[in-house]
Amino acid sequence: VVGEGRWRRIADLLQEAAAGSEVAPAVAEVVAQLLHVEHVSLVLVVGGLPVTTAGSSDLAVMLCERQLALGEGPAVEALRTGEPAQFDDLTAPESLERAPVFISEARAAGVGAMFAFPLRIGGAHVGVLTGHRAGAGPLSHEQHSDALIVSTLASIALLHAEPDGTLAPGGERIDHATVLDGVVQVATGMVAEQLGVPMIEALVRMRAHAFAADGRLEEVARRIIDRELRLER
Amino acid sequence: MSGSGNGGSGGASAALGVQETFRELVRMATRDGDPVDVFMLLSERAIDLLPVAACAVMVSDAGGGLHAVGTSGSSTGLLELLRALDEEGPGRECVATGLSVVADARTDAERWPRLAAQLAREGLTVVHAFPLLSRSTGVGALSLVGDGPLDASAQNIAQAFADLAALALLRSDAEEDALAVARRLHRTVQARATLSQAVGMIAERFDLDPDGALRRIRVTAATQRLTLSDLATAIVRRELPSIGALDLAAEEH
């Protein structure tokens, strides 16, 4: 297990890249750096629909949109299963079997390997990040392990974004303990059920309420569970 | 905890003995049981066998944070206590040193103020943390919370529960490497977050407290022969057959 230092370092990288600017492109930039991939795209689930939100290049955006249009490919697979989807070698027959049309197109565009990691907090689906590069071959263990860390931290950073998609400078620290907290998760499920909204929206609303009322997310969560607080539709 | 009973499997059936309990858990852990299922059952069995009010299996993520992936209940009191244990107290020390650690709110309040306050709120005093070890590295902790220290024989049983939890987490694959462990930890933490969200949905839908909702989910998973993770995923995806089954479980429970 990688030490605490690595997690903190990645959190700092994200915080620095996103401070005062848009979170999604900042995430893409940090992921490209950590995974040593040339291109990164980011899909966010907005109102239940996946939307291409950032890409480090025109090629990244184009390949991302093709996957969503075709309904196949690493990003689509990771969104569907909630698990990482690795395509280490696009020339391998297994890759072609998993996503025949998309992989042919990606190969024609000169892509050798693709790696998709879901952005989620339990059943709250934020989106998916995908990296690709010209050379075939798997991610190193360290890169893969970094990808797991950055996917959790990026989910939280995106949750912290202001309505215009930016992260307020000097704002909240990217902290995974609060969001993964058991009380917060139980309350998220209650709000999702009360309002009939997706899990991610329930989490966003609880956060917004905590922010507006100048309270802590855990306190808001506790009051929801104790049925002292009900968020309005 | 918090007036919700001890969250155990109920007093009607006699608790299983030590041997039967371990046979049951080892079978589950070695037959590719879903780690969340193993940890939840293990926590429940631990409070049946040991003189404690609550139990949690906590795993360390790559960031050094401790996540309660298996718990003997789902009450806010217990979950808040576990959060305090993530931030301070014997859990982290136990993972860092690979040794068991005990915290007594009556004597360690200065050292671990938040934990002591949370224990006092629950009317409890002592937390024992036993290490989950991968070779000699701590990867998690089994936390037991009660109103007094455990004697030597109870501590032995507790460490055996912790070893079993480590077995379920790590498996004994020859090819097991740090990445495989990191992936399993990541997946387990996500699966537990999903289970907690499902508890919230069911609590709201059937007007239950979180402990009651967790019990309902466990009974349904057992009768439908589903893993807790699979059932929780179906619930958060709002797949109706599973939610219908939860409704039926009310009559049996």
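Before any of the text, the structure's been laid out above.
Read on for a plain summary of the structure.

Cut-offs and rules
- Residues numbered from 1 in each chain as written.
- Chains lettered and ligands numbered in written order.
- Predicted model: local features only at pLDDT ≥ 70, side-chain atom pairs only at ≥ 80, totals over all residues.
- Heavy atoms only, no water.
- Helix = DSSP H or I, 4+ residues; strand = E, 2+ residues; numbered from the N terminus.
- Buried < 20%, exposed > 50% of the residue type's maximum accessible area, 1.4 Å probe, protein only.
- Contact = heavy atoms within 4.5 Å.
- Phe/Tyr/Trp six-rings, centres within 6.5 Å; stacked < 30°, edge-to-face > 60°.
- Lys NZ or Arg CZ within 6 Å of the ring centre and 35° of its normal.
- Pairing = 2+ DSSP bridges.
- Axes fitted to C-alpha atoms, helices over the stretch in contact; angles between N-to-C directions.
- Core = buried A, V, L, I, M, F, W, Y, C linked by side-chain atoms within 4.5 Å.
- Salt bridge = Lys/Arg side-chain N within 4 Å of Asp/Glu carboxyl O.
- Patch = residues over 30% accessible without salt bridge, like charges linked within 9 Å, V, L, I, M, F, W, Y side chains within 5 Å.
- Areas by Shrake-Rupley, 256 points an atom, 1.4 Å probe, with all protein chains shown as cover.
- Expected span 1.5 Å × (residues − 1).
- Arc of directions from axis to C-beta.

Comments concerning the overall build of chain B
Turning to step 1, where the next piece is worked out: A count of helices and strands for chain B gives 10 helices and 5 strands.
Turning to step 2, where the next piece is worked out: Burial analysis of chain B (253 residues in total) assigns 60% to the buried set.
Turning to step 3, where the next piece is worked out: Taking as baseline every contact in chain B between residues at least 6 positions apart, the subset at least 24 positions apart corresponds to 63%.

Details of the packing of aromatic side chains
Turning to step 1, where the next piece is worked out: For the structure shown, the criterion picks out 1 aromatic pair over all chains.
Turning to step 2, where the next piece is worked out: Judged by centre distance (4.7 Å) and plane angle (35°), the ring pair of B:Phe22 and B:Phe161 falls under tilted. Within this pair, whereas B:Phe22 is found in helix H1 (residues 18–30), its partner B:Phe161 is found in helix H6 (residues 152–170), the two being separated by 139 residues in sequence. Like B:Phe161, B:Phe22 is buried.
Turning to step 3, where the next piece is worked out: It is A:Arg98 that lies over the ring of A:Phe87; its NZ or CZ is 3.8 Å from the centre.
Turning to step 4, where the next piece is worked out: Taking NZ or CZ as reference, B:Arg216 lies 4.9 Å from the ring centre of B:Phe206, over its face.

Observations concerning the pairing of strand S1 (residues 39–46) of chain A
Regular strands place side chains that alternate from one sheet face to the opposite one.
Residue and element names in this part refer to chain A.
Turning to step 1, where the next piece is worked out: With respect to burial, S1 is a largely interior element, 6 of its 8 residues being buried.
Turning to step 2, where the next piece is worked out: Across 6 bridges, the pairing between S1 and strand S5 (residues 124–133) is antiparallel. From the neighbouring strand, Val40 faces S5, where its bridge partner is Gly131.
Turning to step 3, where the next piece is worked out: Turn length for the S1-strand S2 (residues 49–55) hairpin, with the two strands adjacent in sequence and antiparallel, is 2 residues, and the turn residue Gly47 shows positive phi of about 55°.

Overview of the sheet that holds S5(A)
All names here are of chain A.
Turning to step 1, where the next piece is worked out: Spatially, 5 strands are ordered S2-S1-S5-S4-S3 in an open sheet, and the strand pairing comes out antiparallel. In the strand order of this sheet, the two ends are held by S2 and strand S3 (85–87), each with one partner. Recorded for the sheet is a direction-independent mean angle of 20° between the axes of neighbouring strands.
Turning to step 2, where the next piece is worked out: Sheet topology places strand S4 (residues 113–121) next to S5; 9 bridges connect them, and they run antiparallel. Bridge pairing links Ile121 to Ala124 in S5.
Turning to step 3, where the next piece is worked out: Packing against the sheet, helix H3 (residues 58–70) makes contact with S1, S2, S4 and S5, and its axis sits at approximately 170° to S2.

Some thoughts on the nonpolar core
Turning to step 1, where the next piece is worked out: Formed by 147 residues in total, the largest nonpolar core has its most connected members in A:Met206, A:Ile224, B:Leu115, B:Leu132, B:Leu142, B:Leu144 and B:Ile217.
Turning to step 2, where the next piece is worked out: With 11 residues, helix H7 (residues 178–205) of chain B is the single largest residue contributor to this core.
Turning to step 3, where the next piece is worked out: The contact partners of B:Leu132, leaving out residues within four places of it in the chain, are B:Val57, B:Met58, B:Val59, B:Thr137, B:Gly138, B:Val139, B:Gly140, B:Ala141, B:Leu142, B:Ala162, B:Ala165 and B:Ala166.
Turning to step 4, where the next piece is worked out: Ranked by size, the runner-up nonpolar core spans 17 residues in total, among them A:Leu63, A:Ala85, A:Ala99 and A:Phe102.

Overview of unusual backbone geometry
Turning to step 1, where the next piece is worked out: Its identity is not glycine, yet A:Asp214 carries a phi of approximately 60°, on the positive side.
Turning to step 2, where the next piece is worked out: With respect to the secondary-structure elements, A:Asp214 resides in the loop between helix H10 (199–212) and helix H11 (217–225).
Turning to step 3, where the next piece is worked out: For A:Asp214, a relative accessible area of 73% corresponds to the exposed category.
Turning to step 4, where the next piece is worked out: With a phi angle near 55°, B:Arg225 is a residue other than glycine that sits in the positive phi range.
Turning to step 5, where the next piece is worked out: As for its position among the elements, B:Arg225 is in the loop between helix H8 (210–224) and helix H9 (228–236).
Turning to step 6, where the next piece is worked out: Given the relative accessible area of 79%, B:Arg225 is considered exposed.

What to know about the pattern of salt bridges
Turning to step 1, where the next piece is worked out: Overall, the coordinates contain 22 salt bridges over all chains when judged by the stated rule.
Turning to step 2, where the next piece is worked out: Across the salt bridge formed by A:Arg227 and B:Glu204, the nearest N and O atoms sit 3.9 Å from each other. Residue A:Arg227 is found in the segment after H11, and its partner B:Glu204 is found in helix H7; the two belong to separate chains.
Turning to step 3, where the next piece is worked out: For B:Glu204, a relative accessible area of 16% gives the class buried.
Turning to step 4, where the next piece is worked out: For B:Glu204, the salt bridge goes to A:Arg230, with nearest N and O atoms at 3.4 Å. In this pair, B:Glu204 is assigned in helix H7 and A:Arg230 in the segment after H11, connecting two distinct chains.
Turning to step 5, where the next piece is worked out: Connected through salt bridges with shared partners, the residues A:Asp181, A:Arg216, A:Glu218, A:Glu219 and B:Arg83 form a single ionic network.

A short note on a nonpolar patch on the surface
Turning to step 1, where the next piece is worked out: Residues A:Val46, A:Leu49 and A:Val51 make up a contiguous nonpolar surface patch of roughly 270 Å² in combined accessible area.
Turning to step 2, where the next piece is worked out: Its location among the elements puts A:Leu49 in strand S2.

Digging into the interface of chain A and chain B
Turning to step 1, where the next piece is worked out: With 44 residues of chain A at the contact, the number on the chain B side is 41 residues.
Turning to step 2, where the next piece is worked out: Where chain A packs against chain B, one counts 8 salt bridges.
Turning to step 3, where the next piece is worked out: If you list the elements that add at least two residues to the side of chain A that touches chain B, you get helix H1 (4–18), helix H4 (74–81), S4, helix H7 (141–160), helix H8 (176–179), helix H9 (182–195) and H11 of chain A.
Turning to step 4, where the next piece is worked out: Residue contributions to the side of chain A that touches chain B peak at 9 residues, all from H9(A).

Quick notes on H3(A)
Residues and elements named next belong to chain A.
Turning to step 1, where the next piece is worked out: Here H3 spans 18 Å end to end across 13 residues, near enough to the 18 Å set by a 1.5 Å rise per residue.
Turning to step 2, where the next piece is worked out: Among the residues of H3, those classed as buried are Ala60, Leu63, Cys64 and Gln67. Taken down its axis, H3 places every buried residue within 100° of arc, on the same side. Exposed and facing more than 90 degrees away from the buried side of H3 are Asp58 and Ala69.
Turning to step 3, where the next piece is worked out: Residues of H3 that are buried make contact with S1, S2, H4, helix H6 (100–108), S4 and S5.
Turning to step 4, where the next piece is worked out: With its phi angle positive at about 75°, Gly71 sits one or two positions after the end of H3.

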